[in-house]
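# Notes for the structure review
Listed below, chain by chain, are the residues.
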Amino acid sequence: MLLTKASNPSIRLLLKRTFHNKNGKLLQRERRGENPITRTGRILLNDLKTGYKIITNPGKITKRFPSETDIVVIGGGAIGSSIAYWLKEKSNVDSFDVVVVEKDTSYSKSSTCLSVGGLRQQFSLSENIQMSLFGHEFIRTLKTRFGPHADVAFTPHGYLVLASEHGADQLLENAQLQKDLGAINVVLEKHQIKERFPWMNVDDVALGCLGLEKEGWFDPWSLLKLLQTGSEKKGAQYINGEVVGFEFRDVDMNIEGVQKYNTADQPSAVVVKMPDGELKTIRFSLCVIAAGAESGKVAEKLRIGTGQGILSVPLPVERRKRYVFVFDCEKNAPGLNTPMTIDYSGAYFRRDGLGGKFICGLSPDAENEPDTKDLEVNYEFFDQHVWPLLARRVDAFNAVKVKGAWGGFYEYNSFDENGIIGPHPAFTNVYIATGFSGHGIQQSPAIGRAVSELILDGNFQSIDLTRLGFDRMLLMKPLLEAGII
Ligand SMILES: Cc1cc2nc3c(=O)[nH]c(=O)nc-3n(C[C@H](O)[C@H](O)[C@H](O)COP(=O)(O)OP(=O)(O)OC[C@H]3O[C@@H](n4cnc5c(N)ncnc54)[C@H](O)[C@@H]3O)c2cc1C
């Protein structure tokens, strides 16, 4: 059955939803101008009622395990932490509770920590360009938000995206859109690329687009820590545990202008497996799935992808292993002005530090996708697939020594390799923010802000990300990004 916005009541319902916190107050509206004494009394009373009282230890504030909360965020990577940060940043700190459930506080397998931290404006979709522009702005102004010591080791440096004859028109179109939206770039013809980068072979290249500002790379771990501690300072609570299930309840909803609606089996609590194996529940008003590469599996626990009707459509986000190789080039290595180069074959390289060290990678063809049971690196992938492409582009790369490598999981959206952000149409209180397939760390500030706007304001305020909603999976309309690496 073809679902359209007009015919599908659940989609229509999205446009009308409002959220209340656990005390029945509207989340979208702040209590402006509240008397400070009334406010303090209200908060204390709330703490007493919920058993969610703050216990103060010398030098440290801890909180009891929250048996209920207003908003639960599943996954405390860059995206979940950004959501928690922005929910608190945009609102009165105490107006509602946010709990982030993270199963691995070492983040050893999270995409965030295994990412290469690249930030570029060179995308084909306006949403991706705008989110990355905001990523740059957020990093540029870190100190005003997080204090004078806030630093993510940002290295400003342009990307050089190469196009063959086949991709030249697309590159021109992308470059223009990027400029229109505020990026600063220049399109170079073959001879101009050669003039700037004489060490690069450009015989088979038609055009290149070089970012002149607002691009570079940074340390993802530092960004994660700023978002996490920033959100905790504003009152968000992190819980170390794994969400292994949900509890449901039947809800009758009254929607303005629409008949009384029975939305069966709305999720009302997460079941959390604690590090010692104990199972605990956290009741919530609203939950956000931001579990990175595990998001599809978490969604299955809500019957997304296994249920009937709308619920038969899965959240198509899964693990895809990507390798990053580190190599030394001792002779005639490209110098300090080496851009983050994205070859039209998909291979990329950039310098790593100042002295002849580089990192590189390539997303494999569908038939060469590595298994995802662990993060083991297959070094043959470098020899067979990556190295030939690098050596074709740069003569000096014919003689390199691989010094190391790591694998990480893209939180890969197998439907169209783009982020999925917004409410789930079958539930009134489930939001999704995942699937950014290799460009999510730079966009995490914008994603967190967007989710907070949806929840607190009822719609996107800063960047219209409607096209990235779950609806496109129901309507079978992929939103394709030409600049996926
Ligand atoms: C090799 C590599 C290179 C990359 N390079 C770039 C780049 O240059 N630029 C860029 O912008 N992006 C890049 N990315 C992508 C970027 O890292 C991701 O898009 C981003 O980090 C996703 O953040 P996240 O918070 O959604 O996921 P994660 O960081 O994976 O966080 C999700 C968290 O959810 C937790 N979790 C999962 N299931 C549960 C559960 N059931 N209960 C509780 N917790 C759970 C996990 O432990 C994890 O910590 C790269 C990724 C990889 C792997």
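Residues numbered from 1 in each chain as written. Predicted model: local features only at pLDDT ≥ 70, side-chain atom pairs only at ≥ 80, totals over all residues. Heavy atoms only, no water.

Right, let's talk about the sheet that holds strand 6 (residues 155-156) for a bit. In spatial order, the strands read 5-10-6; together these three strands make up an open sheet with antiparallel pairing. Of all strands in the sheet, those with a lone pairing partner are strand 5 (118-119) and strand 6, marking the two edges. In this structure, strand 6 lies alongside strand 10 (residues 216-217), joined through two bridges in antiparallel fashion. Note that in strand 10 the partner of threonine 155 across the bridge is tryptophan 217. (Pairing = 2+ DSSP bridges. Helix = DSSP H or I, 4+ residues; strand = E, 2+ residues; numbered from the N terminus.)

Attention shifts here to the site of the ligand. The environment of the ligand is formed by 35 residues, the closest being Glu102, Thr112, Gly118, Val243 and Glu411. One of the backbone N or O atoms of isoleucine 79 is found 3.0 Å from an oxygen atom in the ligand. Separating an oxygen atom of the ligand from a backbone N or O atom of glycine 118 is a distance of 2.8 Å. Here the ligand loses 96% of its free accessible area of 990 Å² to cover by the protein chains. Looking at which element gives the most residues to the shell around the ligand, the answer is strand 19 (residues 401-413), with four residues. Across the shell around the ligand, the residue classes break down as 15 nonpolar, 15 polar and five charged. (Near = heavy atom within 4 Å. Polar contact = N/O pair within 3.5 Å; in protein donor to acceptor, adjacent residues only side chain to side chain. Areas by Shrake-Rupley, 256 points an atom, 1.4 Å probe, with all protein chains shown as cover. Nonpolar A, V, L, I, M, F, W, Y, C, P; charged D, E, K, R; others polar.)

Read from one edge of the open sheet, eight strands run 8-9-7-16-17-18-15-19, paired in mixed fashion. In the strand order of this sheet, the two ends are held by strand 8 (185-189) and strand 19, each with one partner. Between one strand axis and the next, the sheet turns by 20° as a mean value, whatever way the strands run. Here strand 7 (residues 159-163) pairs with strand 9 (residues 207-211) via four bridges, running antiparallel. Following the sheet pairing, leucine 162 is matched in strand 9 by glycine 208. Each of strand 7, strand 8 and strand 9 touches helix 7 (residues 168-180); the most contacted strand, strand 9, lies at about 20° to it. (Axes fitted to C-alpha atoms, helices over the stretch in contact; angles between N-to-C directions. Contact = heavy atoms within 4.5 Å.)

Axes are the key here: two packed helices are described by the angle between their axes and the distance separating the axes. Between helix 5 (residues 126-140) and helix 12 (residues 440-457), whose axes approach to 7 Å, the crossing angle comes to 100°. It follows from the interaxial angle that helix 5 and helix 12 lie roughly perpendicular. Two secondary-structure elements touch here, helix 5 through Asn128, Met131, Ser132, Phe134, Gly135 and Phe138 and helix 12 through Gln442, Gln443, Pro445, Ala446, Ile447 and Arg449. For the contact of helix 5 with helix 12, the residue count by class is six nonpolar, five polar and one charged. (Parallel < 35°, antiparallel > 145°, perpendicular 65-115°, else oblique.)

The subject of this paragraph is the pairing of strand 3 (residues 68-74). Of all seven residues in strand 3, six are buried, a share of seventy percent or more. Bridge count for strand 3 against strand 4 (residues 98-102) is four bridges, and the pairing is parallel. If you follow isoleucine 71 over to strand 4, its bridge partner there is valine 98. (Buried < 20%, exposed > 50% of the residue type's maximum accessible area, 1.4 Å probe, protein only.)

With that settled, consider the confidence of the model for the protein chain. When pLDDT is averaged along the protein chain, the result is 88; 84% of the residues meet or exceed 70. Scored below 50 in pLDDT, residues 1-16 makes 30 contacts in the model with residues more than four places away or belonging to other chains. Residue range residues 28-33 is modelled with pLDDT below 50. Its contacts to residues more than four positions away, or to other chains, number 14 contacts. (pLDDT = per-residue confidence, 0-100.)

A separate point is the side chain of arginine 472. Looking at where arginine 472 falls in the secondary structure, it is placed in helix 13 (residues 471-474). Looking at arginine 472, its side chain comes within polar contact range of the main-chain oxygen of asparagine 418, at 3.3 Å. Residues in contact with arginine 472, not counting those within four places in the same chain, are Asn413, Phe415, Asp416, Asn418, Gly419, Ile420, Arg467, Lys477 and Leu479.

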